[in-house]
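Residues per chain are reported as follows:
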Amino acid sequence: MTAYDPDNIFAKILRGELPCEKIYEDEDNFAFMDIMPRGPGHCLVVPRAPIRNILDAGDEVLARLCPAIARVARAAKKGFDADGVTIQQFNEPAGGQVVFHMHVHVIPRFDGVSLGPPASNMEKPEILAENAEKIRKAFG
Ligand code: AMP
């Protein structure tokens, strides 16, 4: 498998070199809004560890990531008063991965509303900020 590239976009966000709309962090993980959401409240949970995807992730990283995904999913559902939540995770180009730092998509879902296309519509910064605030407020 290709080696991890420390200059990928999410590594830069983790180092604070690129901006993001942060919604959650703990010792091992970080979460922020997806700039091209497939639905309102679409956000990403990222382990801080320099790994490409689930194929090179150690058990320890995954064990610490799972509770963070669940916390963000619950907050996103609550913050958007959603009916459900879709969790997605892509691995390597053939698997649909575009950014090569492990990340998990968390997307609030509403009955009868289809998922938008991936990485197609850049959201306005002010909407992303509003949506991030809804999720941040929903952490219990
Ligand atoms: P994928 O690698 O296919 O799982 O998806 C990468 C995701 O990252 C897409 O949903 C993009 O919209 C999102 N994305 C790309 N650049 C940024 C960025 N600078 N900040 C937040 N999300 C991003």
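Residues numbered from 1 in each chain as written. Predicted model: local features only at pLDDT ≥ 70, side-chain atom pairs only at ≥ 80, totals over all residues. Heavy atoms only, no water.

Student: Please explain the side chain of Asn91 as it appears in this structure.
Tutor: Within the fold, Asn91 resides in the loop between strand E4 (84-88) and strand E5 (104-109). For Asn91, the side chain forms a polar contact with the main-chain nitrogen of Ile54, separated by 3.0 Å. The contacts of Asn91, once residues within four sequence positions are left out, are Asn53, Ile54, Leu55 and Gln97. (Helix = DSSP H or I, 4+ residues; strand = E, 2+ residues; numbered from the N terminus. Polar contact = N/O pair within 3.5 Å; in protein donor to acceptor, adjacent residues only side chain to side chain. Contact = heavy atoms within 4.5 Å.)

Student: Sorry if this is basic, but what is going on with the sheet that holds strand E3 (residues 43-47) here?
Tutor: Backbone hydrogen bonds are what pair the strands of a sheet, in a parallel or an antiparallel way. Strand order across the open sheet formed by five strands is E1-E2-E3-E5-E4, with antiparallel pairing between neighbours. A strand with exactly one partner marks an edge of an open sheet, and here the two such strands are strand E1 (22-25) and E4. Ignoring strand direction, the axes of neighbouring strands in this sheet form an average angle of 20 degrees. Sheet topology note: the E1/strand E2 (residues 29-33) ladder contains three bridges and is antiparallel. Directly across from Glu25, in E2, lies its bridge partner Phe30. (Pairing = 2+ DSSP bridges. Axes fitted to C-alpha atoms, helices over the stretch in contact; angles between N-to-C directions.)

Student: How should I be thinking about the layout of surface pockets in this particular structure?
Tutor: Summary: where empty space remains is shown by rolling a probe the size of a single water molecule over the atoms. The calculated volume of the largest pocket comes to roughly 640 Å³. Every element with two or more residues in the lining of the largest pocket is listed here: helix H1 (9-14), E2 and helix H3 (125-138). Here the residues of the lining of the largest pocket sort into 20 nonpolar, five polar and four charged. (1 Å grid on protein atoms, 1.4 Å probe; cavity = no way out; pocket = protein on both sides within 12 Å on 5 of 7 lines; lining within 4 Å. Points joined across faces, edges and corners; volume = space filled by probe spheres on them. Nonpolar A, V, L, I, M, F, W, Y, C, P; charged D, E, K, R; others polar.)

Student: What exactly am I supposed to notice about a nonpolar patch on the surface here?
Tutor: Side chains of Met1, Ile54 and Leu55 sit close together on the surface and give an oily, nonpolar patch of about 330 Å² of accessible area. Topologically, Ile54 is positioned in the loop between E3 and helix H2 (59-79). The class for Ile54 is partly exposed, based on a relative accessible area of 41%. (Patch = residues over 30% accessible without salt bridge, like charges linked within 9 Å, V, L, I, M, F, W, Y side chains within 5 Å. Areas by Shrake-Rupley, 256 points an atom, 1.4 Å probe, with all protein chains shown as cover. Salt bridge = Lys/Arg side-chain N within 4 Å of Asp/Glu carboxyl O. Buried < 20%, exposed > 50% of the residue type's maximum accessible area, 1.4 Å probe, protein only.)

Student: What exactly am I supposed to notice about the packing of aromatic side chains here?
Tutor: The geometry of an aromatic ring pair is captured by the separation of the ring centres together with the interplanar angle, meaning the angle of the planes. Scanning all chains against the criterion turns up three aromatic pairs. Ring centres of Phe30 and Phe32 lie 6.0 Å apart, and the angle between their planes is 50 degrees; this geometry places the pair in the tilted category. By relative accessible area, Phe30 is classed as buried at 7%. For Phe32, a relative accessible area of 3% gives the class buried. Among the aromatic residues, ring-to-ring pairing joins Phe10, Phe30 and Phe32 into one connected group. (Phe/Tyr/Trp six-rings, centres within 6.5 Å; stacked < 30°, edge-to-face > 60°.)

Student: Is there a simple way to explain the site of the ligand in this structure?
Tutor: In the vicinity of the ligand, 17 residues are found, and the nearest of them are Asp34, Gly96, Val98, His103 and His105. Gly96 is positioned with one of its backbone polar atoms (N or O) 2.8 Å from an oxygen atom of the ligand. Note that an oxygen atom of the ligand is positioned 2.6 Å from one of the side-chain N or O atoms of His103. Of all the elements in the fold, those that place two or more residues in the shell around the ligand are H1 and E2. A per-class count over the shell around the ligand returns 12 nonpolar, four polar and one charged. (Near = heavy atom within 4 Å.)

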